[in-house]
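Here is what each chain is made of, one letter per residue.
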Amino acid sequence: MKYLKTRFQWIRWAVHIGALLPLVVLIVDALSNHLTFNPIQAATQRTGDTAIILLGLSLACSPISTYLNWKDAVRLRRTLGLYTFIYAAIHLWLFVGADYGYQFNYIVPEFLQKYYLWVGLPAFIILLALAATSFRGAMRWLGKRWKRLHRLIYLGAILAMLHLALVIKGDALRLSGDAWKPLLAGIIIGTLLILRVPRLRRALLSLRHKPVAPAAVQLASPPAESTLVKN
Amino acid sequence: MSTNWKPDKIRSSDITPEAVYLNRRQFMKGAAVFAAGAVLAACAPQIAPQAPTPLPAEVGAMAGQKDELGDPLTVYAAVTGYNNYYEFTQSKEGVAGLAHDFKTRPWTVAVGGLVNKPHTYDIDELIKRFPVQERIYRLRCVEGWSMVIPWRGFPLKQLLAEVEPTNAAKYVRFQTILDPQQMPGQSDPSFPWPYTEGLRMDEAQNDLTLLTTGVYGQDLLPQNGAPIRIVTPWKYGFKSVKAIVKIDLVADQPSTLWPLTAPDEYGFYANVNPNVPHPRWSQSTERRIGDADRRPTLLFNGYADQVASMYAGMDLHANF
Ligand code: HEM
C-alpha cells in the first residue's frame with residue numbers, strides 16, 4: 001500500500017470533504033424545505049447517524065494501520081475524531097437549542113428521566129474532553145496522561161452505541177422494532193474494539209505472518225512489534 | 001434567525017394560499033434549525049421555491065378552520081405526506097408514494113366474535129350505512145409530535161350496536177389487512193404482523209371513537225389508512241389502527257402490535273398523558289407540526305371532559 005503515502009494529501013482532503021458533506025447537505029435540505037415536516041427530528045437523527053459513522057471510522061484507523069499495514073491511517077484519526085465531536089455538538093445543540101429552545105424547565109427533567117441521555121451525555125462529554133485535548137499543546141502538557149485520557153474513546157464508543165440502542169423505536173435487546181441500526185453499529189464498532197485486545201492482536205498478526213518463509217518472518221517481525229507498542 | 005421565532009406572528013393561513021404558506025413556514029423552520037445566521041439566511045432566497053401543487057377543492061374549502069381549542073388545521077401536505085405507517089415503510093415521507101396504488105376495492109370488513117349478529121360488510125355498504133360527521137381532532141403521536149386533522153366518519157358505537165355484542169364481550173380487537181405484496185413493510189420480521197389494536201368496550205363505545213372513512217373533506221387516502229380506520233384522539237396515534245379488515249368482540253384484553261414489540265414502552269391503554277414518561281420521547285411536551293416551539297401536552301390530549309370518567313380510580317401509571 002506504499003503508493004497511498006504519496007497521495008496522503010489527497011486522502012486527507014477527501015476525508016475533510018467527506019466529513020463535511022453531510023453537514024452541507026443538511027443545511028441545504030434545511031433551507032430548501034427538504035427536511036421532512038418535522039425538520040428538527042430529522043436533523044437530530046442525521047447528525048447522530050453521521051457522528052456514529054465518523055466515530056466508527058476514527059476507531060478503524062488504528063486497526064487498519066496494524067492489520068493492513070497502512071501506517072498513515074492513524075494520521076487521519078484526529079481529524080475524524082474532531083468531526084465526530086462537531087456532529088455530536090450540533091446534535092446536542094439541536095436538542096437543547098432548536099428543539100427545546102433552551103427551556104431548561106423542560107430539558108432538565110428529560111436528562112433526569114431518560115436512559116438514552118444518561119449514556120448520551122457522558123459520551124458527549126468524553127468527545128468534548130478528547131477534542132479539547134487533541135492539540136499539540138495539550139498533548140505536551142498532559143504527557144503520559146494524554147494516552148490514558150484518550151483511551152476513554154473506547155468507553156465513549158460503547159456509551160454512544162448504548163445511546164443508539166436505547167433511542168430506536170422498539171427493543172434492541174430483543175431485536176424487535178427498528179433494531180438494525182444499533183445491531184449494525186454494535187457489530188462494526190464491537191469488532192473494531194475487540195481487534196485491539198493485545199492478545200488477539202498478537203495472535204492475528206502472527207497468523208498473517210505464517211505463510212511467509214522463516215527468514216522473512218524474522219525481518220518483518222521487529223517493525224510489526226513496534227507498531228503494536230506505538231498504537 | 002433565532003430559535004425563539006414565534007409562529008403566531010406570521011400565522012396567515014387565511015390570506016395566503018395554503019401551498020405557498022406551507023413553503024414559507026417550512027423555510028422559516030428550516031432556517032431556525034440552523035442558527036448559523038446571516039450567512040446561511042443570505043443564501044436562502046436564491047433557492048427557488050417548489051412549484052405549489054394544486055390542492056383538491058374540498059381542502060381549500062376547509063382553510064381557516066380550527067379545533068375547539070383554537071388551533072388551526074395542520075396543512076394538507078403534512079397530513080397526507082408525513083405518516084407513520086410501518087406496513088409501507090418506516091420513512092414517514094415515503095409512505096404516500098408507496099401507498100399510492102394500494103387497492104382499497106374490493107374490500108370487506110368482517111365484524112364478529114362475541115356478537116349476536118356477525119356480519120361481513122362490503123366497504124361501500126359500510127360507508128353508506130350511517131350518516132357521516134366531520135370531526136376536527138388533535139392527533140398526538142407517541143414520538144412527541146402532533147397535528148390537527150379534519151376527519152370524516154361515524155362513531156364506532158353505531159356499528160357495534162348493530163351487531164349486538166353479547167354480555168361476554170369486554171374488548172374490541174381490530175386487525176389491519178395482511179398483504180405483504182402491497183405492503184412491503186410487512187415483510188420485516190421484527191414486527192408481529194398483521195397490525196392488531198384493541199379498545200376496552202367502554203372506550204370503543206365512547207362517542208369520540210370514530211370509524212373513519214374520510215380526511216380533509218375527501219375519501220380517506222391510502223397513506224391515511226384507507227378505506228377505513230379508527231381514530232381515538234385521546235390516545236397516542238398508534239392506537240388509531242388503519243386499513244381495517246376485521247373487527248372482533250372478545251372477552252380478554254387483546255395482544256396488540258406495539259406492546260408486543262416493546263412491552264416496557266407501549267401499553268394497551270396508551271392514553272395521552274404528560275405525567276407518564278416514555279423512555280425516549282417527551283410526553284410532557286410536544287411539537288405541533290408546523291410550529292417552531294414545543295407546547296405542553298394536555299392530559300388525554302385535551303379530551304379529558306369526554307373520557308376521564310372511564311378511567312376513574314385506575315392507576316394510569318401502571319396502566320399506561
Ligand atoms: C447529550 C448528548 C446527546 C443528546 C441530548 C442526544 C439526543 C438525541 C435524540 C433526542 C435522539 C433521537 C432523535 C429522534 O429519533 O427523535 C438521538 C438519536 C441518536 N443519537 Fe444522540 N444525543 C446525544 C449524544 C449523542 C452522541 C455522543 C452520539 C454519537 C456519537 C449520538 C448519536 C445518536 C444516534 C446515532 C442517534 C440515532 C439517530 C437515528 O434515529 O437515526 N448521540 N440523540
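Residues numbered from 1 in each chain as written. Chains lettered and ligands numbered in written order. Predicted model: local features only at pLDDT ≥ 70, side-chain atom pairs only at ≥ 80, totals over all residues. Heavy atoms only, no water.

Caption draft 1: Representation of the overall build of chain B. Looking only at helices and strands, chain B features 10 helices and 12 strands. The 320 residues of chain B split such that 59% are buried. Once local pairs closer than 6 in sequence are excluded, the contacts in chain B between residues at least 24 apart make up 69%. Total accessible area computed for chain B in this model is approximately 12,900 Å², and 56% of it derives from carbon and sulfur atoms. (Helix = DSSP H or I, 4+ residues; strand = E, 2+ residues; numbered from the N terminus. Buried < 20%, exposed > 50% of the residue type's maximum accessible area, 1.4 Å probe, protein only. Contact = heavy atoms within 4.5 Å. Areas by Shrake-Rupley, 256 points an atom, 1.4 Å probe, with all protein chains shown as cover.)

Caption draft 2: Focus on the overall build of chain A. Helix and strand counts for chain A stand at 12 helices and two strands. For chain A, the α and β elements follow one another from N to C terminus as α-α-α-α-α-α-α-α-α-β-β-α-α-α. Looking at the 231 residues of chain A, the share that counts as buried comes to 47%. In chain A, once contacts between residues fewer than 6 apart in sequence are set aside, the share between residues at least 24 apart is 62%. As displayed, chain A has an accessible area near 12,800 Å², and 72% of this comes from carbon and sulfur atoms.

Caption draft 3: Highlighting the site of the ligand. Lining the immediate surroundings of the ligand are 24 residues, of which Gln45, Asp49, His91, His163 and Lys181 of chain A lie closest. Neighbouring residues of the ligand are distributed over chains A and B. Between the ligand and Lys181 of chain A, the relevant distance is 2.4 Å, taken from an oxygen atom to a side-chain nitrogen or oxygen of the residue. Breaking the shell around the ligand down by element, the ones donating at least two residues are α3 (39–67), α4 (77–99), α6 (115–132) and α9 (152–167) of chain A. Looking at the shell around the ligand residue by residue, the classes come out as 15 nonpolar, seven polar and two charged. (Near = heavy atom within 4 Å. Polar contact = N/O pair within 3.5 Å; in protein donor to acceptor, adjacent residues only side chain to side chain. Nonpolar A, V, L, I, M, F, W, Y, C, P; charged D, E, K, R; others polar.)

Caption draft 4: Focus on unusual backbone geometry. Residue and element names in this part refer to chain B. The omega angle of the peptide bond from Arg105 to Pro106 is -10 degrees, so this bond is cis rather than trans. Mapping Pro106 onto the fold places it in the loop between α5 (95–99) and β1 (108–113). The omega torsion across Ala226 and Pro227 is 0 degrees, close enough to zero to call that bond cis. Locating Pro227 in the fold gives a position in the loop between β8 (218–219) and β9 (229–231). With phi around 55 degrees, Phe300 is a residue other than glycine that occupies positive phi space.

Caption draft 5: Local environment of the coordination of the iron atom of the ligand. Residues and elements named next belong to chain A. Distances from the iron atom of the ligand to its protein donors, namely His91 (NE2) and His163 (NE2), fall within the range 1.9 to 2.0 Å. Because the angles between the six donor atoms bound to the iron atom of the ligand fall within 83 to 179 degrees, the donor set is best described as octahedral. Here His91 is found in helix α4, whereas its partner His163 is found in helix α9, with 72 residues between them in sequence. For His163, a relative accessible area of 18% gives the class buried. (Donors = N, O, S within 2.8 Å, 3.2 Å for Na, K, Ca; no water. Tetrahedral: all angles 85-135°; square planar, octahedral: opposite > 155°, others 65-115°.)

Caption draft 6: The packing of α6 of chain A against α9 of chain A, seen in detail. Residue and element names in this part refer to chain A. As a packed pair, α6 and α9 sit with axes 8 Å apart at the nearest point and diverge in direction by 150 degrees. Considering the angle they form, α6 stands roughly antiparallel to α9. The two elements α6 and α9 meet at a crossing, and its hand is left-handed. On α9, the residues touching Tyr115, Tyr116, Val119, Gly120, Pro122, Ala123, Ile126, Leu127 and Leu130 of α6 are Leu152, Ile153, Leu155, Gly156, Leu159, Ala160, Leu162, His163, Leu166 and Val167. (Axes fitted to C-alpha atoms, helices over the stretch in contact; angles between N-to-C directions. Parallel < 35°, antiparallel > 145°, perpendicular 65-115°, else oblique. Left-handed = near helix turned anticlockwise from the far one by under 90°.)

Caption draft 7: Highlighting the pairing of strand β11 (residues 285–288) of chain B. Residues and elements named next belong to chain B. Burial along β11 is two-sided: the residues Thr285 and Arg287 and Glu286 and Arg288 are all buried. Strand direction decides the pairing type here: β11 and strand β12 (residues 295–296), joined by two bridges, are antiparallel. From the neighbouring strand, Glu286 faces β12, where its bridge partner is Arg295. The hairpin formed by β11 and β12 contains six residues between the paired strands, and Gly290 there has a positive phi angle of roughly 105 degrees. (Pairing = 2+ DSSP bridges.)

Caption draft 8: Broad picture of the packing of α3 of chain A against helix α10 (residues 180–194) of chain A. Residue and element names in this part refer to chain A. At a minimum axis distance of 9 Å, the contact between α3 and α10 shows a crossing angle of 20 degrees. If you check the angle between α3 and α10, you find them roughly parallel. The two elements α3 and α10 cross, and the hand of that crossing is left-handed. When α3 is examined against α10, the residues Asp49, Ile52, Gly56, Leu59, Ala60 and Pro63 are found in contact with a partner set consisting of Lys181, Ile189, Leu192 and Leu193.

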